[in-house]
Amino acid sequence: MTAFESALKFVLKHEGGYVNNPNDTGGETNFGISDRRDGVVDGKADLNGDHVPDVTIKDLTQEQAAIVYSREYWTPCKCEQLHPAVALIRFDTAVSIRSVNHLFAPHSMYLTEIR
Ligand SMILES: [Ca+2]
C-alpha cells in the first residue's frame, strides 16, 4: 500500500459514503466529495479538474474519489516529499479544512519550508 493509499484510507473513515442532506450546503456528497466542490450544483463531480462534470455524485466510486483527493490535496500539499506519517497529518488537515492554500499561507506554522 502506498503512502497515499494509506492516508486516503484513514481520511475516508471519517468522510463516509453517500449522503444527500437538504440542510447540507455542499449538496450531495460521496466519499467526502460534494456536488458543490466543483463550483456547479448539478449532481455531478469533476474528476480531472477540466471543469467538465464526469460522474454523478451518487455513482462516484472510491477510486474516482481518490483521483480528486490526489489532485486537490495530496499533490498540492507535496505529501510525496514527506515522511508518510507527516504526509498523513498534512493531507488529513488539508482535507479537514478543505484548503491547501491555508497550509502554505505566510502566517502558517505548518511546515512551510517544503514549498
Ligand atoms: Ca457539481
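Structure shown above.
Notes on the structure follow. (Residues numbered from 1 in each chain as written. Predicted model: local features only at pLDDT ≥ 70, side-chain atom pairs only at ≥ 80, totals over all residues.)

**Concerning the packing of helix α1 (residues 3-15) against helix α3 (residues 84-97)**
Line of reasoning, step 1. Where α1 meets α3, the axes come as close as 10 Å, and the angle between the chain directions of the two elements is 45°. Viewed along their axes, α1 and α3 adopt a mutual orientation that is oblique. In the packing of α1 onto α3, the handedness of the crossing is right-handed. Within the contact between the two elements, α1 uses A3, S6, A7, F10 and V11 and α3 uses P84, A87, L88, F91, D92 and V95.
Line of reasoning, step 2. Considering only residue class, the contact of α1 with α3 consists of nine nonpolar, one polar and one charged. (Axes fitted to C-alpha atoms, helices over the stretch in contact; angles between N-to-C directions. Helix = DSSP H or I, 4+ residues; strand = E, 2+ residues; numbered from the N terminus. Parallel < 35°, antiparallel > 145°, perpendicular 65-115°, else oblique. Left-handed = near helix turned anticlockwise from the far one by under 90°. Contact = placed C-beta atoms within 7 Å. Nonpolar A, V, L, I, M, F, W, Y, C, P; charged D, E, K, R; others polar.)

**Description of the nonpolar core**
Line of reasoning, step 1. Counting residues in hydrophobic clusters, the biggest one holds 21 residues, and the most contacted among them are A7, I33, Y73, W74 and F91.
Line of reasoning, step 2. When residues of this core are traced back to their parent elements, those giving at least two are α1, α2 (62-74) and α3.
Line of reasoning, step 3. With near-sequence residues (within four places) excluded, I33 lies in contact with A45, I57, L60, A65 and V68. (Core = buried A, V, L, I, M, F, W, Y, C linked by C-beta atoms within 7 Å. Buried ≥ 20, exposed ≤ 12 C-beta atoms within 10 Å, placed from the backbone.)

**Things to note about the environment of L12**
Line of reasoning, step 1. Looking at the secondary structure, you find L12 in helix α1.
Line of reasoning, step 2. The spatial distance from the C-alpha of L12 to the C-alpha of G32 is 7.5 Å, given a sequence separation of 20 residues.
Line of reasoning, step 3. Leave out the neighbours within four places in its chain, and L12 touches F31 and Q62.

**Structural notes on α2**
Line of reasoning, step 1. Taking 1.5 Å per residue as the helical rise, α2 with its 13 residues ought to reach 18 Å, whereas the 15 Å between its terminal C-alpha atoms falls clearly short.
Line of reasoning, step 2. Within the span of α2, buried status applies to A65, V68, Y69, Y73 and W74. Around the axis of α2, the buried residues are gathered within 160° of arc, so they sit on the same side.
Line of reasoning, step 3. Looking at the buried residues of α2, the elements they touch are α1, β2 (33-34), β3 (44-45) and α3. (Expected span 1.5 Å × (residues − 1). Arc of directions from axis to C-beta.)

**Observations regarding the environment of L82**
Line of reasoning, step 1. Structurally, the position occupied by L82 is in the loop between α2 and α3.
Line of reasoning, step 2. Note on L82: 17 C-beta atoms within 10 Å, which makes it partly exposed.
Line of reasoning, step 3. When near neighbours in sequence (up to four residues on either side) are disregarded, L82 contacts A87 and R90.

**Section: unusual backbone geometry**
Line of reasoning, step 1. Despite not being glycine, F31 shows a phi value in the positive range, around 50°.
Line of reasoning, step 2. Following the sequence through the fold, F31 ends up in the loop between β1 (29-30) and β2.
Line of reasoning, step 3. Its identity is not glycine, yet H51 carries a phi of approximately 65°, on the positive side.

**Side note on α3**
Line of reasoning, step 1. Spanning 14 residues, α3 covers 20 Å between terminal C-alpha atoms, matching the ideal 20 Å at 1.5 Å per step.
Line of reasoning, step 2. Every buried residue of α3 is accounted for by A87, L88, R90, F91, A94 and V95.
Line of reasoning, step 3. The inward-facing, buried residues of α3 abut α1 and α2.

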